[in-house]
Amino acid sequence: MIATEAPATVELPSGRLDYVVRRSPRSRRLRVTIDPERGVIVSLPPSTRRGWARPEGLVEAFLRERDKWLRRHLDAQARQLAEVAARGGVADGATIRFRGDLHRLRILDAADGVRRSSVVRVGAESGDELVVRVARRDRRAIGAVLEEWLRARARTAIEHDLARHAPGLRVEPAAITLRDPRTRWGSASRNRRLSFSWRLVLAPPEALETVVIHELAHLRYFGHGPRFWGLVASRRPDHATWRRWLRDHSVELHSALPDQD
């Protein structure tokens, strides 16, 4: 059985709310998320599962109870999207985060004969810059060129922090992958495979390090109980500050570059 989606609308005290109902065999309960691009998504178990054939009343009550929370987060999301749009997208003179700091983009032509576009980070009197030199023969979009460069820096930073913290936590990952998930910054499986969002390289180094430590700690404890958080705090006592930073800037980081797929 595959997941299905359908649009829906509900009238809340704050006004009309459009949302998406997502039926997934992986869902075990009602869950609400706010996607930067798609808005409110209500995830439900399949209608064939006992008790979930007609959940409309339950969904409406659930959303009504969380009306203020939804509006607050939707408003914050809209502000972040407007701020990212005001930075100019992927164009000469625009700005983008790298390692937590805003960098100005400089889009220049590469020298004749150069086959591949490149990116270099440079310091300037007016602030740090990411200089993209576009090769005529390179058909990739500038966003794709930037993403390739950022992914490489993300892997270097993540591997550095893994090497730094894994021995102290007495764990050894079996494999590392970089992805672009929408809801998680990292994940760990029981076969010791770790996965991270490449967008962590846009965040401050402390935030990236916090996620690395978090996933390494899951190789010892797969729940989020006291022993797990104690282990995380032993390596990063201020982990809550950086987890909060990632929550507060999630929309910004996921909107920093257009989808390259």
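Residues numbered from 1 in each chain as written. Predicted model: local features only at pLDDT ≥ 70, side-chain atom pairs only at ≥ 80, totals over all residues. Heavy atoms only, no water.

1. Examining the sheet that holds strand β2 (residues 15–23)
1) Next: In spatial order, the strands read β1-β2-β4-β3; together these four strands make up an open sheet with mixed pairing. This sheet does not close on itself; its edge strands, each paired only once, are β1 (4–12) and β3 (31–35). Strand-to-strand twist across the sheet, computed as the mean angle between neighbouring axes with direction ignored, equals 30 degrees.
2) Next: Note that β2 and strand β4 (residues 39–44) share five bridges and pair parallel. Opposite Y19, over in β4, you have V40 as the bridge partner.
3) Next: The strands touched by helix α1 (residues 56–65) are β1, β2, β3 and β4; relative to β1, the strand with the most contacts, the crossing angle is about 55 degrees. (Pairing = 2+ DSSP bridges. Helix = DSSP H or I, 4+ residues; strand = E, 2+ residues; numbered from the N terminus. Axes fitted to C-alpha atoms, helices over the stretch in contact; angles between N-to-C directions. Contact = heavy atoms within 4.5 Å.)

2. Topic: a positive patch on the surface
1) Next: A grouping of R26, R29, R31 and R184 is seen on the molecular surface, where their side chains present a positively charged patch.
2) Next: Locating R31 in the fold gives a position in strand β3. (Patch = residues over 30% accessible without salt bridge, like charges linked within 9 Å, V, L, I, M, F, W, Y side chains within 5 Å. Areas by Shrake-Rupley, 256 points an atom, 1.4 Å probe, with all protein chains shown as cover. Salt bridge = Lys/Arg side-chain N within 4 Å of Asp/Glu carboxyl O. Lys, Arg positive; Asp, Glu negative; His and termini not counted. Charge placed at Lys NZ, Arg CZ, Asp CG, Glu CD.)

3. Notes on helix α3 (residues 142–169)
1) Next: Taking 1.5 Å of rise per residue, 28 residues should cover 40 Å, and α3 covers 40 Å from first to last C-alpha, within 8% of that figure.
2) Next: At A163, α3 shows its maximal kink, close to 25 degrees; a proline, P167, follows between one and four residues later.
3) Next: Within two residues after α3, R170 carries a phi angle of roughly 60 degrees, on the positive side. (Expected span 1.5 Å × (residues − 1). Bend = angle between axes of the 7 residues up to and from the residue.)

4. Things to note about unusual backbone geometry
1) Next: Even without being a glycine, R170 presents a positive backbone phi close to 60 degrees.
2) Next: Considering the arrangement of structural elements, one finds R170 in the loop between α3 and β9 (175–179).
3) Next: On the basis of relative accessible area, R170 is assigned to the exposed category, the value being 62%.
4) Next: The phi torsion at R192 lies on the positive side, around 70 degrees, for a residue other than glycine.
5) Next: With respect to the element layout, R192 can be found in the loop between β10 (186–188) and β11 (193–197). (Buried < 20%, exposed > 50% of the residue type's maximum accessible area, 1.4 Å probe, protein only.)

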